[in-house]
Amino acid sequence: VLERTFIGHREQKQLAISQAQNDWVLSLDADEVLDADLRKSIKKVKGNYTADGYFMNRLNRLNGQWIRHGAWYPDRKMRLFHRAKYAMGGRNPHDRFDPIQGAKTKQLSGDILHYTNDDLSSRVQTQNKFSTLAAQAYFEEGKRGSVWRLWFKPKARFLSEYIWKSGWRDGFHGYYIAKTSAQYVFWREAKLLDLCKKKQA
């Protein structure tokens, strides 16, 4: 077990991968576990890999309910990969493992079980924290906030998750997720706009 001061979601995982003793990496967060089908799938390919990276679906739980529609499922992730065949993607706080050009990928059956927020209020706290990190990452990339982004992007996020991706099929929880996702985007854009105004002051 290695302990390091937290330096960022993407940076922390890159550091962990660089310290691995083997070439093949299975990356899981502390609130994630493999279901029985996914464990079987990994055991089947282990030692006889026919791809450079393997995608798997993630099943997320909110307030005791597994969410099977909307933007939360299948929530496809590449989490098993040869460490020479991936590139760190995404932006803090949402990291992503991307296959490098020419890498071969396959899909495994089974799910990562993601025990996300235990209650509804904790999701609001998470969204507030993550929107701050995302706004800072956007700002450092040179993105600039605007009233247009602040008005348009939250609405687009809600429609995408609740209507187009059928989040409504998860009932109240589906609506809550889409609504708080839109709120996250609003906070991110508002904080980005604020950072830009402070820089100009």
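First, a word on what this report is: a plain description of the structure on this page.

Reading guide: rules and limits
Numbering of residues starts from 1 in each chain and follows the order in which that chain's sequence is written. Local features are withheld for residues below a pLDDT of 70 in this predicted model, meaning they are given only at 70 or higher, and side-chain atom pairs are given and counted only at 80 or more; totals for whole chains, interfaces and linings count all residues. Here the side-chain values reflect all heavy atoms present in the structure, with hydrogen atoms and water set aside. Each helix is a run of H or I in the DSSP string that is no shorter than four residues. Each strand is a run of E no shorter than two, and both are numbered from the N terminus. Each residue is assigned to one of three classes by its accessible area relative to the maximum for its type, calculated with a 1.4 Å probe on protein chains only: buried under 20%, partly exposed between the two thresholds, exposed over 50%. Working definition of a nonpolar core: buried Ala, Val, Leu, Ile, Met, Phe, Trp, Tyr and Cys residues. They are joined through side-chain atoms within 4.5 Å. Note on contacts: a residue pair qualifies if any of its non-hydrogen atoms lie within 4.5 Å across the two residues. The arc in question is traced by the directions running from the helix axis to the C-beta atoms. Each patch is built from salt-bridge-free residues with over 30% relative accessible area, joining like charges within 9 Å and nonpolar side chains (Val, Leu, Ile, Met, Phe, Trp, Tyr) within 5 Å. Calculation of accessible area relied on Shrake-Rupley with a 1.4 Å probe; when residues are assessed, cover is drawn exclusively from the protein chains displayed. By definition, a salt bridge exists where a carboxyl oxygen of Asp or Glu is found within 4 Å of a side-chain nitrogen of Lys or Arg. For this count, His and the chain ends are skipped, Lys and Arg are scored as positive, and Asp and Glu as negative. A charged residue contributes its charge at one atom only: NZ of Lys, CZ of Arg, CG of Asp or CD of Glu. Lines are fitted to the C-alpha atoms to define the axes, a helix being fitted only along its stretch in contact, and any angle between axes, read from their N-to-C directions, falls within 0 to 180 degrees. Here roughly perpendicular refers to angles of 65 to 115 degrees, roughly parallel to angles under 35, roughly antiparallel to angles over 145, and oblique to all remaining angles. Each crossing is labelled by how the near helix is turned from the far one, with a counterclockwise turn of less than a right angle marking it left-handed and a clockwise turn marking it right-handed. Any residue outside Ala, Val, Leu, Ile, Met, Phe, Trp, Tyr, Cys, Pro, Asp, Glu, Lys and Arg is labelled polar, Gly included; the first ten of those are nonpolar and the last four are charged.

1. Observations regarding unusual backbone geometry
Step number 1: Here the residue pair Tyr73 and Pro74 is connected by a cis peptide bond, since its omega of 15° sits within 30 degrees of zero.
Step number 2: One can find Pro74 in the loop between strand 4 (65–67) and strand 5 (77–82).
Step number 3: Cis geometry is adopted by the peptide bond preceding Pro93, which originates at Asn92 and carries an omega value of 5°.
Step number 4: Its place among the elements puts Pro93 in the loop between strand 6 (86–91) and strand 7 (94–99).
Step number 5: Despite not being glycine, Asn63 shows a phi value in the positive range, around 55°.
Step number 6: Using a relative accessible area of 33% as the deciding quantity, one classes Asn63 as partly exposed.

2. Here we look at the nonpolar core
Step number 1: Judged by nonpolar contacts, Leu34, Leu38, Ile42, Val45, Ala51, Tyr54, Met56, Leu80, Leu108 and Ile112 together constitute the single largest core of ten residues.
Step number 2: Of all elements in the fold, only helix 2 (36–45), strand 3 (53–62) and strand 8 (105–115) reach the threshold of two or more residues within this core.
Step number 3: Excluding residues within four positions of it along the chain, Leu38 makes contact with Met56, Leu108, Ser109, Gly110, Asp111 and Ile112.

3. Concerning helix 1 (residues 9–18)
Step number 1: Every buried residue belonging to helix 1 is among Arg10, Gln12, Lys13 and Ile17, and all of these are buried. For helix 1, the angular spread of the buried residues around the axis is 165°, confining them to a single face.
Step number 2: In this structure, the buried side of helix 1 is in contact with strand 1 (24–26), strand 5, strand 6 and strand 7.

4. A word on a positive patch on the surface
Step number 1: The grouping of Arg39, Lys40, Lys43 and Lys46 at the surface amounts to a positive patch.
Step number 2: Mapped onto the elements of the fold, Lys43 is located in helix 2.
Step number 3: In this structure Lys43 comes out as exposed when scored by relative accessible area, which is 65%.

5. Focus on the packing of helix 4 (residues 147–164) against helix 5 (residues 171–200)
Step number 1: Between helix 4 and helix 5, the shortest axis-to-axis distance is 8 Å and the interhelical angle comes to 160°. Here helix 4 is positioned roughly antiparallel relative to helix 5, judged by the angle of their axes. Crossing geometry of helix 4 relative to helix 5 is assigned as right-handed.
Step number 2: Of the residues in the contact of helix 4 with helix 5, the class split is 13 nonpolar, two polar and seven charged.

6. Section: a nonpolar patch on the surface
Step number 1: Side chains of Trp148, Trp151 and Phe152 sit close together on the surface and give an oily, nonpolar patch of about 390 Å² of accessible area.
Step number 2: Note on Phe152: relative accessible area 40%, which makes it partly exposed.

Purely spatial values, then, with no claim about function.
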